[in-house]
Amino acid sequence: MTIQHIDVAYTAVATAENGRDGRVSTDDGKLDVVVNPPKEMGGSGAGTNPEQLFAAGYSACFQGALGVVARQEKADITGSTVTASVSIGRTEAGGFGLEVAISASIPNVDTATARALVEKAHQVCPYSNATRGNIKVELSAG
């Protein structure tokens, strides 16, 4: 799915220096972080890493999509949380790939309703739409 240029409401701009072992900052200065490979990948682990940044963005975006869906369904998601776990590893082709697990905790609805809300949010969330068909994304709710 592509969006038309006229549909663009906002564009984030970030610049990386030295790739996975350097710094990432946004053009407005609101984000400026040191990035380092995690110790599990042979790095210092001193700074954050692209997978953590992706997990943070995906979880926030998915929580927003959950809110949209909950309003449409008149469901109470007060106190809910969304956790995104982003894994990186070697692919069969020899490169690297990502997998994501999204876990939502929605305390004010039953399990079946929580799962239905998460499935619907997965159809609304821009991160889910961007990754659909490209990487494995597992969903769980409770």
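See the structure above.
Q: For this particular structure, what's the right way to read the pairing of strand β3 (residues 32-35)?
A: Regular strands place side chains that alternate from one sheet face to the opposite one. Where strand β2 (residues 22-26) meets β3, four bridges bridge the pair, whose relative direction is antiparallel. By the bridge assignment, Ser 25 is partnered in β3 with Asp 32. If you look at the hairpin formed by β2 and β3, you'll find five residues sitting between the two strands, and Gly 29 has a positive phi there, around 80°.

Q: Just to check I follow, could you spell out a nonpolar patch on the surface for this structure?
A: A contiguous nonpolar surface patch, about 330 Å² in accessible area, is contributed by Met 41, Ile 88, Phe 96 and Leu 98. On the secondary structure map, Phe 96 appears in strand β5 (residues 96-105). The class of Phe 96 is exposed, set by a relative accessible area of 51%.

Q: Explain the sheet that holds strand β6 (residues 136-141) to me, please; I cannot follow it from the model alone.
A: Hydrogen bonds between backbone atoms are what pair the strands of a sheet, whose relative direction is either parallel or antiparallel. Here we have three strands laid out as an open sheet, ordered β4-β5-β6, and mixed in their pairing. Both outer strands of the open sheet, β4 (81-90) and β6, are each paired with one neighbouring strand and no more. Neighbour-to-neighbour, the strand axes of the sheet open up by a mean angle of 15°, direction not taken into account. Inspection of the sheet shows β5 paired to β6 by six bridges, in the parallel sense. Residue pairing across strands places Ile 102 opposite Leu 139, the latter belonging to β6. Lying on the sheet, helix α2 (residues 111-124) is in contact with β5 and β6; it crosses β6 at an angle near 150°.

Q: In this structure, what is going on with unusual backbone geometry? I would like to understand it.
A: Negative phi characterises most residues that are not glycine, and trans characterises most peptide bonds. The backbone phi angle of Asn 18 is positive, close to 65°, even though this residue is not glycine. Among the secondary structure elements, Asn 18 is positioned in the loop between β1 (14-17) and β2. In this structure, Lys 74 takes a positive phi of about 55° despite not being glycine. Structurally, the position occupied by Lys 74 is in the loop between α1 (50-73) and β4.

Q: I keep staring at the state of the cysteines and nothing clicks. Help me out?
A: Two cysteines form a disulfide when their sulfur atoms are joined by a covalent bond. Across all of its chains, the model carries zero disulfides by this definition. Cysteine Cys 125 remains unbridged, with the sulfur of Cys 61 as its closest cysteine sulfur at 3.5 Å.

Q: Please explain the pattern of salt bridges as it appears in this structure.
A: Any two side chains of opposite charge can pair, on the condition that their charged atoms come close. With the rule as written, the count across this model stands at four salt bridges. A salt bridge links Glu 51 to Arg 20; the shortest N-O distance between them is 2.7 Å. Of the two residues, Glu 51 sits in helix α1 while Arg 20 sits in the loop between β1 and β2, which places them 31 residues apart along the sequence. Residue classification places Arg 20 among the partly exposed residues on the basis of a relative accessible area of 30%. Salt-bridge contacts for Glu 73 lead to Lys 120; the nearest nitrogen and oxygen are separated by 3.1 Å. One end of the pair, Glu 73, is in helix α1; the other, Lys 120, is in helix α2, with 47 residues separating them in the sequence. Exposure remark for Glu 73: the relative accessible area of 42% places this residue in the partly exposed category. Assessed through its relative accessible area of 38%, Lys 120 is described here as partly exposed.

Q: Would you mind going over the side chain of Ser 128 with me for this structure?
A: In this fold, Ser 128 is placed in helix α3 (residues 126-131). We classify Ser 128 as buried; its relative accessible area is 0%. Residues in contact with Ser 128, not counting those within four places in the same chain, are Tyr 58, Phe 62 and His 122.

Rules used throughout
Residues numbered from 1 in each chain as written. Predicted model: local features only at pLDDT ≥ 70, side-chain atom pairs only at ≥ 80, totals over all residues. Heavy atoms only, no water. Pairing = 2+ DSSP bridges. Helix = DSSP H or I, 4+ residues; strand = E, 2+ residues; numbered from the N terminus. Patch = residues over 30% accessible without salt bridge, like charges linked within 9 Å, V, L, I, M, F, W, Y side chains within 5 Å. Areas by Shrake-Rupley, 256 points an atom, 1.4 Å probe, with all protein chains shown as cover. Salt bridge = Lys/Arg side-chain N within 4 Å of Asp/Glu carboxyl O. Buried < 20%, exposed > 50% of the residue type's maximum accessible area, 1.4 Å probe, protein only. Axes fitted to C-alpha atoms, helices over the stretch in contact; angles between N-to-C directions. Contact = heavy atoms within 4.5 Å. Disulfide = S-S within 2.5 Å.

These figures come from the coordinates and say nothing about function on their own.
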